[in-house]
Amino acid sequence: MRTPLCEQLGIDHPIVQAPIGPVAVPALAAAVSNAGALGMLALAWASDPAALVRETAAFTSRPFGANLVLEWDQHERLDAALDAGLRIVSLTWGDPAPYVAAVHDAGGIVLHTVGSAEEARRAVAAGVDVVVAQGWESGGHVWGRVATLPLVPAVVDAVAPVPVIAAGGIGDARGVAAVLALGAQAAWLGTRFLLAEECPAHKHYRQRIVDAVETDAEWYADLYDVSWPNAPHRALRNATAERWERDGRPPSGSRPGEGEPIAVRASGEPIVRYTSATPAEGMTGDVDALSLWAGQSVALAREVQPAAAIVAELVSRL
């Protein structure tokens, strides 16, 4: 099934892989794109975004995109990525208006994530080409507080005929079919792709996802705030969260274990408790105490598979 958005993006299937984690993974993005969906890079913290775009392009001749978080100024990264050939740009967590012209001047397409119909209207007024309606069920950092089921049709109605991608709580082919029935033209998934073979998630993190039930993915207003404060998020409940709750959910500055190193990145850099950090291959220490990002669809993620197999499953009911 190809929606009009598939035609616009140049993809075969209405599936978008969320830009997972703070580190871009060209192999994952390329594998998803090679399967006919849209792979995405996370470039918001990249030191050399152009190199990551070129590396991904070396792995696939199909379209792929990249995401930038607008909590920080991203003009330099955007310009570098566009110069390297990026033409599908996803923006979130801020005002897209200052970035739209640069993408359009390069012949590109702008996606922007919203959490309400009013935000969607503002994004379209700013020139955004595609709206991503992110429901509260989403894993990782969550912009809004409305669930996917009521949010998607509200956004679709608010911005028609601009295409809408649905995000949040989608974990299998039934969810994909459901959001298309709500008027979305594609489904955006992150948690399910954490179990893609090409995703370098830490083995303990993968196992926690496999073992989780839907109630394990809890929303926190500002728990994992080191390096990214005031950014609500959803993660698996773990010892860090339980210890914080036992102490009465104290605010930042008085939480138990603040500043305590709990893990080490592959580079040797220590990670302190309450850091916003996706557990990745090569990390050592108490990985379970890190921010185990996952959405409420986590109960539907049950086995590690190639990205292409995941894409095939997701479109099997269309």
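Use the structure listed above.
Below or above, wherever it landed, is the structure these notes cover.

### A few points about the overall build of the protein
Link 1 in the chain: Helix and strand counts for the protein stand at 11 helices and 14 strands.
Link 2 in the chain: At 18 Å, the protein has a C-alpha radius of gyration in line with the 20 Å of a compact globule built from 318 residues.
Link 3 in the chain: Overall size of the protein, expressed as C-alpha extent along the three principal axes, is 50 × 35 × 35 Å.
Link 4 in the chain: By the burial criterion, 55% of the 318 residues in the protein qualify as buried.
Link 5 in the chain: Long-range pairs, those at least 24 residues apart, make up 58% of the contacts in the protein with a sequence separation of at least 6.
Link 6 in the chain: Total accessible area on the protein is roughly 12300 Å²; 52% of this is exposed by carbon and sulfur atoms.
Link 7 in the chain: Looking at the protein, you have 23 positive and 36 negative side-chain charges, and the mean spots of the two groups are 4 Å apart.

### Quick word on the side chain of T3
Link 1 in the chain: Relative to the elements of secondary structure, T3 occurs in the segment before α1 (4-9).
Link 2 in the chain: Looking at T3, its side chain comes within polar contact range of the main-chain oxygen of Q185, at 2.8 Å.
Link 3 in the chain: Look past the residues within four positions of T3 in its chain and what remains in contact with it is P14 and Q185.

### With respect to the pattern of salt bridges
Link 1 in the chain: In the structure shown here, the tally under the stated rule is 15 salt bridges.
Link 2 in the chain: We note a salt bridge from R62 to D12, for which the minimum N-O separation is 3.1 Å. With R62 in the loop between α3 (49-59) and β3 (64-69) and D12 in the loop between α1 and β1 (15-17), the pair connects residues that are 50 residues apart, well separated along the chain.
Link 3 in the chain: The partner of E242 in a salt bridge is R237, and the shortest N-O contact between them spans 3.6 Å.
Link 4 in the chain: E242 gets classed as partly exposed once you look at its relative accessible area, which sits at 31%.

### Topic: helix α9 (residues 203-211)
Link 1 in the chain: For α9, every residue scored as buried is listed here: Y205, R206, R208, I209 and V210.
Link 2 in the chain: Elements that come into contact with the buried residues of α9 comprise β11 (233-236).

### Observations concerning the sheet that holds strand β12 (residues 261-264)
Link 1 in the chain: Read across the open sheet, the 3 strands follow the order β13-β12-β14; overall the sheet is antiparallel. Lying at the two open borders of the sheet, with one neighbouring strand each, are β13 (270-272) and β14 (284-285).
Link 2 in the chain: In this sheet, β13 lies alongside β12 in antiparallel orientation, the contact comprising 3 bridges. In the sheet register, A263 faces β13, and the bridge partner there is I271.

### Side note on the packing of helix α6 (residues 117-125) against helix α7 (residues 148-159)
Link 1 in the chain: Viewed as axis vectors pointing N to C, α6 and α7 meet at an angle of 35 degrees, and their least axial separation amounts to 9 Å. Read as a crossing pair, α6 and α7 show a hand that is right-handed. Across the interface between the two elements, A117, A120, R121 and V124 of α6 pack against L151, A154, V155, A158 and V159 of α7.

Analysis parameters
- Residue positions are counted from 1 within each chain, in the order its sequence is given.
- With the structure being a predicted model, the display of local features is reserved for residues of pLDDT at least 70 and the display and counting of side-chain atom pairs for 80 or more, all residues being used for whole-chain, interface and lining totals.
- Working from all heavy atoms in the structure, the side-chain values ignore hydrogens and water.
- Helix numbering and strand numbering both begin at the N terminus, where a helix is a DSSP run of H or I of at least 4 residues and a strand a DSSP run of E of at least 2.
- Throughout, radius of gyration means the C-alpha value; the globule benchmark is 2.2 Å times the number of residues raised to the power 0.38.
- Exposed residues in this analysis have more than 50% of their type's maximum accessible area, buried residues have under 20%, and partly exposed residues fall in between, with area computed by a 1.4 Å probe over protein chains only.
- Contact definition: two residues touch when any of their heavy atoms are within 4.5 Å.
- What sets the accessible areas is the Shrake-Rupley method with a 1.4 Å probe; for residues, cover comes only from the shown protein chains.
- Counting rule applied: Lys, Arg positive; Asp, Glu negative; His and chain ends not counted.
- Charge placement uses NZ in Lys and CZ in Arg. For Asp and Glu, CG and CD serve respectively.
- Contacts described as polar in this section are N or O atom pairs within 3.5 Å, which, within protein, must combine one atom able to donate a hydrogen with one able to accept it, while residues neighboring in sequence count only if both atoms come from side chains.
- Just to be clear on terms, a salt bridge is a Lys or Arg side-chain nitrogen sitting within 4 Å of an Asp or Glu carboxyl oxygen.
- Only strands that DSSP links by at least two bridges are regarded as paired with each other.
- Lines are fitted to the C-alpha atoms to define the axes, a helix being fitted only along its stretch in contact, and any angle between axes, read from their N-to-C directions, falls within 0 to 180 degrees.
- Left-handed is the label given to a crossing in which the near helix is rotated counterclockwise from the far helix by less than a right angle, and right-handed is the label when the rotation is clockwise.

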